[in-house]
Amino acid sequence: MDVLKKLFPLSFKAKDIVSLIIYIVIYLVVGIVAGVLIGVLAGFPIIGIIFALVGSLIDLYVLVGIVLEVLYFLNILK
């Protein structure tokens with residue numbers, strides 16, 4: 001659990017519904033900004049594949065972060 005708390009620091013801070021929504025919005029904004037940057041950089045022919053893979057990893061990080069945050073808020077994770 002300590003490793004998850006180090007990798008996803010925002011996912012274990014929500015104490016009420018307002019903070020849960022704020023942290024979900026933060027994750028979504030990070031995902032959108034990273035997606036736009038990766039989308040622009042993926043247009044280059046040679047490095048486009050690498051940026052496409054990095055974009056997929058960022059999307060996965062955002063998804064796992066939101067899921068962990070909701071599970072922690074519902075007291076499923078301790």
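A brief structural summary. On a predicted model such as this, the values are computed, not experimentally measured, just so you know. (Residues numbered from 1 in each chain as written. Predicted model: local features only at pLDDT ≥ 70, side-chain atom pairs only at ≥ 80, totals over all residues. Heavy atoms only, no water.)

### Remarks on the packing of aromatic side chains
Alright, step 1. Using the criterion set out here, one finds three aromatic pairs in the structure.
Alright, step 2. Summarising the aromatic geometry, the rings of Phe12 and Tyr72 are spaced 5.2 Å apart at their centres and angled 75° between planes, so their arrangement reads as edge-to-face. Here Tyr72 lies in helix H3 (residues 48-73) and Phe12 lies in the loop between helix H1 (2-7) and helix H2 (17-41), a separation of 60 residues in the sequence.
Alright, step 3. Among the aromatic residues, those joined into a ring-pair cluster are Phe8, Tyr27 and Tyr61.
Alright, step 4. The residue whose ring lies beneath Lys5 is Phe12, and the NZ or CZ to ring-centre distance is 5.8 Å. (Phe/Tyr/Trp six-rings, centres within 6.5 Å; stacked < 30°, edge-to-face > 60°. Helix = DSSP H or I, 4+ residues; strand = E, 2+ residues; numbered from the N terminus. Lys NZ or Arg CZ within 6 Å of the ring centre and 35° of its normal.)

### Brief notes about unusual backbone geometry
Alright, step 1. In this structure, Asn75 takes a positive phi of about 60° despite not being glycine.
Alright, step 2. Within the secondary structure, Asn75 sits in the segment after H3.
Alright, step 3. Overall, the relative accessible area of 53% leaves Asn75 in the exposed class. (Buried < 20%, exposed > 50% of the residue type's maximum accessible area, 1.4 Å probe, protein only.)

### Observations regarding the nonpolar core
Alright, step 1. Grouped together as the largest cluster of nonpolar side chains are eight residues: Phe8, Phe12, Tyr27, Val62, Ile66, Leu68, Tyr72 and Leu77.
Alright, step 2. With four residues, H3 is the largest single contributor of residues to this core.
Alright, step 3. Once residues within four sequence positions are removed from consideration, Phe12 is found in contact with Met1, Leu4, Lys5, Tyr72 and Leu77. (Core = buried A, V, L, I, M, F, W, Y, C linked by side-chain atoms within 4.5 Å. Contact = heavy atoms within 4.5 Å.)

From the geometry alone we can't say anything about function, so treat these as descriptive.
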